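These are the residues of each chain, in order.
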Amino acid sequence: MRLKTGTVGFTIFLSALTALGPLSTDMYLPSLPAIQRAFGADTGAVQMTLSVFLIGAARLSGNRAHRA
């Protein structure tokens, strides 16, 4: 199924993609203390996982943008 620009389906698809990044971050941040306790890691190491996630997401979105 191909989405054509200017359709309702395309608008919903773009809205979902736009909301995915902030939604995943908002779900991840409150879990950082639980992750720290579960793995016995220090605060810096747990916070680094968020940085790695954001860098990975930026690289994926950058690769997709350059291909289009």
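Residues numbered from 1 in each chain as written. Predicted model: local features only at pLDDT ≥ 70, side-chain atom pairs only at ≥ 80, totals over all residues. Heavy atoms only, no water.

Go over the overall build of the protein with me, naming the residues and quoting the values.
From N to C terminus, the protein includes three helices and zero strands. Looking at the 68 residues of the protein, the share that counts as buried comes to 6%. Total accessible area computed for the protein in this model is approximately 5700 Å², and 68% of it derives from carbon and sulfur atoms. (Helix = DSSP H or I, 4+ residues; strand = E, 2+ residues; numbered from the N terminus. Buried < 20%, exposed > 50% of the residue type's maximum accessible area, 1.4 Å probe, protein only. Areas by Shrake-Rupley, 256 points an atom, 1.4 Å probe, with all protein chains shown as cover.)

Help me get a handle on the environment of Thr 18, residues and values and all.
Relative to the elements of secondary structure, Thr 18 occurs in helix H1 (residues 8-28). The class of Thr 18 is exposed, set by a relative accessible area of 59%. Among the polar contacts listed, one links the side chain of Thr 18 to the backbone oxygen of Leu 14, at a separation of 2.8 Å. (Polar contact = N/O pair within 3.5 Å; in protein donor to acceptor, adjacent residues only side chain to side chain.)

Residue-level account of the environment of Gln 47, with values.
Position of Gln 47 relative to the elements: it lies in helix H3 (residues 43-67). What makes Gln 47 partly exposed here is its relative accessible area of 47%. For the pair Gln 47 and Leu 29, spaced 18 residues apart in sequence, the C-alpha to C-alpha distance is 9.1 Å.

Can you lay out the packing of aromatic side chains for me, pointing to particular residues and giving the numbers?
According to the stated counting rule, one finds one aromatic pair in the structure shown. An angle of 35° between the planes, with centres 6.5 Å apart, marks the rings of Tyr 28 and Phe 53 as tilted. Remark: Phe 53 occurs in helix H3 and Tyr 28 occurs in helix H1; sequence separation between them is 25 residues. The partly exposed category is assigned to Phe 53, whose relative accessible area is 35%. (Phe/Tyr/Trp six-rings, centres within 6.5 Å; stacked < 30°, edge-to-face > 60°.)

Explain the confidence of the model for the protein to me, using residue names and the numbers behind them.
Overall, the prediction assigns the protein a mean pLDDT of 84, with 88% of residues at 70 or greater. Averaged over each element, pLDDT in the protein is lowest for H3 (79) and highest for helix H2 (residues 32-39) (94). (pLDDT = per-residue confidence, 0-100.)

Give me a nonpolar patch on the surface: which residues, what numbers.
Judged by side-chain polarity, Leu 3, Phe 13, Leu 14, Leu 17 and Leu 20 come together as a nonpolar surface patch covering roughly 440 Å² of accessible area. Of note, Leu 3 is situated in the segment before H1. (Patch = residues over 30% accessible without salt bridge, like charges linked within 9 Å, V, L, I, M, F, W, Y side chains within 5 Å. Salt bridge = Lys/Arg side-chain N within 4 Å of Asp/Glu carboxyl O.)

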